[in-house]
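Chain residues, written in single-letter form:
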Amino acid sequence: MKSSDPRLHNLSEFSPHHLRFRSEVREFAEEELFDSSFEIDREERFPEEKIRRLAQKGWLGIPFPEKYGGLGLDTISYIIAVEEIGRVCASTGITLAAHISLGCYPIYAHGTEDQKKKYLIPLLKGEQLGSFGLTEPNAGSDAGATETTARKEGDFYIITGTKRFITSGSIAGTLVITATEDRSLGVHGISAFIIDTKTEGFKPIKDETKLGLRGSITSELSLEECRIPKENLLGRPREGFKIFMETLDGGRISIGALALGIAQGALDFLIDYVTKSNLKKRQWVQKTVADLATEIMAARHLIYHAAKLKDEGKRVTLEGAAAKLFASEVSMRATRRAIQITGCEGLVSRFPLERFLRDTKLNEIGEGTSEIQRIVIARQLLGR
Amino acid sequence: MESEIGLLRKNISRLVSDEIKPEVKEWEKGGRLPSEILARLSEIGLFGLTIPEEHGGIGYGAEVLVAALDELARGSASLALFLLFQNSLVGEMLTLAKEEDLIAALIEGKSFGGGAIFPEGLKEEGGLSGEGSFLINGAGDFFVLVGKEKSYLIDTIESTPVATLAFRDLQISSFVVRDVPVRFSTSTDRIKDAIDLYLLGLSAIALGIGREILSEAKTYAQNRKQFGRPIIEFWMVQDMLVEIATTVKTSELLVKETASRYDKKDYDPTDIAITKSFVTNRIMTAATHGVQIFGGYGYTTDYPMERYFREAKALEVMGIVNEELRSQIAQSL
């Protein structure tokens, strides 16, 4: 795989440590993920052995303190990893992003010390994958329309409902889910819980067959009278909405990074293809390459700006939504236009471009569609 | 002509709803178009649609062909593409070559051509040699290779099926020819009408896909409720639907008008280039909106949106890539 021009991805906010970390992840991704990225897409296979490699490197806990088994790095480093892995194998990239941003982060940010010891440490050490059960068949963009119910019975909560489109849902060890304690209260009746997936009544129903990201798992999950100890309530009762909104704020940066990585992968492939052919003097080819590079550079600034703010402990609702919205749309345009240059060859799966296109469409949908991002941004500026 | 087109559309439409739509997902999974469905197309005369009457065909022009393709593509764009290939490049080459037996077999649905358009580096030195990465119907009984200068009819090809973004039941293959005897050859300039018809047909197939996108997306947006109301009531969803509807309407008018001019031989190649590049480009945008309106569901193979998305993208590239066509348009300006 052809390396990209360093001027495209070296931002002034990167420290020497960040640059070293980027090289390390890039080398790993190119050496160990490139070949399998084609295979797992074709065979629709979850690359368990690759996820184990990420675990060995400590990358399933990049932005969390060492005392919980994390790597003790910052958000920027984590975002670098998602971008670099996404550039080669987006299926592995989204598995990593969902684990860290959605599975681990809410427990780290809102969990008690006991919860962190019991649930976060195994996740960060990579002994199991974490997952986030928010979306339901009837609660997609309207995530507050949660139908899954939680009922308190003595020292337990009894949880019943169906979750859908849950990344790594059927293979996760620990799941953070939302459930309503009182539907009449709307979003203010929702609580968040930690569920051990060995709990009786928890059952994966099916894994989706998808357009792209076919090496990642997207599950429909059934919870039938799952009895979980009351200590597994995450945060305060009925604070679930706040928790998941904040979780998504951060998660969006990682989806933006995934989109960015895919776009960069497409551009790198294209530059290599064009320089090896007689196309580089064609002006329409030059225009495509120039537009892709410019949009990718702009998207990168937005993504790492949001990541930096998060590292500074700031809320990134506006910046995260804007970064994700822009990067995912840039990535769609980039992959779509790149294929035009390769012609029919680019439609064949021997080249990664057609996979990049299929993979990156999800970035305009997952963790809030582009429409939802626009609403989030507008509300930040206009008020509700 | 209008009534003949209406009748043809009705026949194809029935075939689409009864025999194609229920099966099409399986065809793609299995990687081939079943011979039964090809036989059904043959029964209603589709493989002889544009073959001149003196060669045993029906002798219709582009107007009828685009209507058939548009209707058929609502069920299976692969099948429509297969039909288009036979009715344009294959039919033309067989007719020029006066291959009456092959023409008869084609019309009867017993023998079909495969082929490729503008593969790089075809060389004729005694026999024909060359290779390419995108051969349509690699399982064909004979092959048409359209080169930049000359086009060839040959009997055999070494083909290897490849995995592709779309049309996975069209047996798209990479191929090699090594010093293969040429059955017939002609200058590519002489078959440029057939190439134009092929490009116009690709637009008609995109249009058929676009119609499906519009109808499915509208129904979904009317039924899917979020925030207490059908999502069709939200402006951002409406805006996408409006763009899809505008695309379908303009494409319909453009394809029809260009086909009619083609039949009257009152057109210049720019009309074809504008039609193909405009329609396929806009339909790809429509398909992207279609998946978007369906959200997570649109990303799964439970719904056909993801297939329309893949097919629309492929049509932007196939035949002659849209940017190349835009260069041609620019030349003529």
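Residues numbered from 1 in each chain as written. Chains lettered and ligands numbered in written order. Predicted model: local features only at pLDDT ≥ 70, side-chain atom pairs only at ≥ 80, totals over all residues. Heavy atoms only, no water.

**Student:** I'd like a description of the overall build of chain A, backed by residues and values.
**Tutor:** Each helix and strand counted, chain A has eleven helices and eight strands in total. Taken over C-alpha atoms, the radius of gyration comes to 20 Å for chain A, in line with the 21 Å a tight globule of 384 residues would show. In terms of overall dimensions, chain A has a C-alpha envelope of 75 × 45 × 40 Å along the principal axes. Out of the 384 residues belonging to chain A, those deemed buried represent 62%. (Helix = DSSP H or I, 4+ residues; strand = E, 2+ residues; numbered from the N terminus. Rg over C-alpha atoms; globule rule 2.2 N^0.38 Å. Buried < 20%, exposed > 50% of the residue type's maximum accessible area, 1.4 Å probe, protein only.)

**Student:** For the overall build of chain B, give the residues involved together with the corresponding values.
**Tutor:** Secondary structure assignment for chain B yields eleven helices and ten strands. The C-alpha atoms of chain B give a radius of gyration of 20 Å, which matches the 20 Å a tight globule of 333 residues would have. Counting only C-alpha atoms and orienting by the principal axes, one finds that chain B spans roughly 70 × 45 × 40 Å. Each of the 333 residues in chain B was classed as buried or not, and the buried ones make up 58%. In chain B, the proportion of contacts linking residues at least 24 apart, taken out of those at least 6 apart, comes to 74%. Of the accessible surface of chain B, which amounts to about 13,300 Å², a share of 49% is contributed by carbon and sulfur atoms. For chain B, the distance from the average site of its 35 positive side-chain charges to the average site of its 49 negative ones is 6 Å. (Contact = heavy atoms within 4.5 Å. Areas by Shrake-Rupley, 256 points an atom, 1.4 Å probe, with all protein chains shown as cover. Lys, Arg positive; Asp, Glu negative; His and termini not counted. Charge placed at Lys NZ, Arg CZ, Asp CG, Glu CD.)

**Student:** Please give an account of the packing of helix H9 (residues 269-299) of chain B against helix H11 (residues 322-332) of chain B that cites residues and values.
**Tutor:** All names here are of chain B. Look at H9 against H11: their axes get within 9 Å of each other, and the N-to-C directions meet at 145°. The handedness of the crossing between H9 and H11 comes out as left-handed. Residues Thr270, Ala273, Ile274, Lys276, Ser277, Thr280 and Asn281 of H9 pack against Asn322, Leu325, Arg326, Gln328, Ile329 and Ser332 of H11. Its residues assigned to classes, the contact of H9 with H11 comprises four nonpolar, seven polar and two charged. (Axes fitted to C-alpha atoms, helices over the stretch in contact; angles between N-to-C directions. Left-handed = near helix turned anticlockwise from the far one by under 90°. Nonpolar A, V, L, I, M, F, W, Y, C, P; charged D, E, K, R; others polar.)

**Student:** Tell me about the sheet that holds strand S1 (residues 113-117) of chain B, and name the residues and values.
**Tutor:** Residues and elements named next belong to chain B. With mixed pairing, four strands are arranged side by side in an open sheet as S1-S4-S5-S8. Two strands lie at the open edges of the sheet, namely S1 and strand S8 (182-187), each paired on one side alone. Taken over all neighbouring pairs, the strand axes of this sheet differ in orientation by 15° on average, direction set aside. Pairing between strand S5 (residues 150-154) and S8: five bridges, direction antiparallel. When the sheet's bridge partners are listed, Tyr152 is paired in S8 with Ser185. Those strands touched by helix H5 (residues 77-96) are S1, strand S4 (142-146), S5 and S8, and its axis lies near 100° from that of S1. (Pairing = 2+ DSSP bridges.)

**Student:** Tell me about the nonpolar core, and name the residues and values.
**Tutor:** Judged by nonpolar contacts, the single largest core of 210 residues is most densely connected at Phe167, Tyr198, Ile205, Ile293 and Met318 of chain B. It is helix H7 (residues 240-276) of chain A that provides the largest number of residues to this core, a total of 17 residues. Apart from the residues lying within four places of it in its own chain, the contact partners of Phe167 of chain B are Glu28, Ala77, Ser78, Leu81, Ile172, Glu311, Ala314, Leu315 and Met318 of chain B. Listed in part, the 15 residues of the second largest apolar core include Tyr157, Leu175, Phe193 and Leu223 of chain A. (Core = buried A, V, L, I, M, F, W, Y, C linked by side-chain atoms within 4.5 Å.)

**Student:** Give me the lowdown on the UniProt feature "domain: Acyl-CoA dehydrogenase/oxidase N-terminal" (unreviewed entry) in chain B, citing residues and values where you can.
**Tutor:** The positions UniProt marks with the feature "domain: Acyl-CoA dehydrogenase/oxidase N-terminal" (unreviewed entry) are residues 7-95 of chain B. Secondary structure content for residues 7-95 of chain B is 69% helix and 0% strand, and the end C-alpha separation is 27 Å. (UniProt positions renumbered as here; feature names shortened; annotations may be inferred.)

**Student:** Describe the UniProt feature "domain: Acyl-CoA dehydrogenase/oxidase N-terminal" (unreviewed entry) in chain A, and please don't skip the residues or the numbers.
**Tutor:** Mapped onto this structure's residue numbering, the UniProt feature "domain: Acyl-CoA dehydrogenase/oxidase N-terminal" (unreviewed entry) falls at residues 16-127 of chain A. For the annotated span residues 16-127 of chain A, helix accounts for 75% and strand for 0% of the residues, and the straight-line distance between the end C-alpha atoms is 30 Å.

**Student:** So what's going on with the UniProt feature "domain: Acyl-CoA dehydrogenase/oxidase C-terminal" (unreviewed entry) in chain B? Residues and values would help.
**Tutor:** Under the present numbering, the feature "domain: Acyl-CoA dehydrogenase/oxidase C-terminal" (unreviewed entry) in UniProt falls on residues 201-332 of chain B. Across residues 201-332 of chain B, helical content stands at 81% and strand content at 3%; the span's end C-alpha atoms are separated by 22 Å.

**Student:** Account for the sheet that holds strand S3 (residues 127-135) of chain B, with residues named and values stated.
**Tutor:** Residues and elements named next belong to chain B. Read across the sheet, four strands follow the order S2-S3-S7-S6 without closing on themselves; strand pairing throughout is antiparallel. Whereas interior strands pair on both sides, the edge strands pair on one side only; in this sheet they are strand S2 (123-125) and strand S6 (158-161). Shown here is a sheet whose adjacent strand axes are inclined to one another by a mean of 10°, direction ignored. Sheet topology note: the S6/strand S7 (residues 173-180) ladder contains four bridges and is antiparallel. Pairing of Ser159 across the sheet is with Phe175, part of S7.

**Student:** Explain the interface of chain B and chain A to me, and be specific about the residues and the numbers.
**Tutor:** With 39 residues of chain B in contact, the opposing surface of chain A contributes 41 residues. Here chain B packs against chain A, burying approximately 3,500 Å² in sum over the two surfaces, 62% of which is carbon and sulfur. Area buried by chain B at its contact with chain A is led by Met236, Gln292 and Tyr299 of chain B, which between them contribute 21% of it. On inspection of chain B and its partner chain A, the count reaches four salt bridges. Among the ionic pairs, Glu324 of chain B bridges to Arg282 of chain A, the shortest N-O distance being 3.3 Å. Taken together, chain B and chain A are joined by 27 residue pairs in polar contact (both at pLDDT 80 or more). Contributing elements (two or more residues each) for the side of chain B that touches chain A: S3, helix H8 (235-263), H9, helix H10 (305-317) and H11 of chain B. (Buried area = accessible area lost by both parts, 1.4 Å probe. Salt bridge = Lys/Arg side-chain N within 4 Å of Asp/Glu carboxyl O. Polar contact = N/O pair within 3.5 Å; in protein donor to acceptor, adjacent residues only side chain to side chain.)

**Student:** Provide a residue-level description of the packing of aromatic side chains, including the pertinent values.
**Tutor:** Residue and element names in this part refer to chain B. For the coordinates displayed, the defined rule picks out 22 aromatic pairs over all chains. Where Phe85 meets Tyr198, the ring centres are 5.9 Å apart and the plane angle is 80°; that geometry is what we call edge-to-face. In this pair, Phe85 sits in helix H5 while Tyr198 sits in helix H7 (residues 192-223), placing the two residues 113 residues apart along the sequence. You can call Tyr198 buried: its relative accessible area is 2%. A centroid spacing of 5.2 Å and a plane angle of 35° characterise the contact between Tyr262 and Tyr267, whose relative ring orientation is tilted. (Phe/Tyr/Trp six-rings, centres within 6.5 Å; stacked < 30°, edge-to-face > 60°.)

**Student:** Kindly report on the domain arrangement of chain A, identifying the contributing residues and their values.
**Tutor:** Residues and elements named next belong to chain A. On domain assignment, one finds that chain A holds domain 1 (6-124), domain 2 (130-239) and domain 3 (241-382). Centre-to-centre, using C-alpha coordinates, domain 2 lies 29 Å away from domain 3. At the junction of the two partners, domain 2 supplies 16 residues and domain 3 supplies twelve residues. Buried surface at the junction of domain 2 and domain 3, summed over both partners, amounts to about 1,200 Å²; 74% is from carbon and sulfur atoms. The largest per-residue losses of area from domain 2 upon contact with domain 3 belong to Leu211, Leu213 and Glu239, which jointly make up 44% of the total buried on that side. Linking domain 2 to domain 3 there are one salt bridge. The salt bridge partner of Lys242 is Glu239, with a shortest N-O separation of 3.7 Å. For the pair domain 2 and domain 3, the number of links is five residue pairs in polar contact (both at pLDDT 80 or more). Across the side of domain 2 that touches domain 3, the residue classes tally to nine nonpolar, five polar and two charged. (Domains from an automatic or database assignment.)

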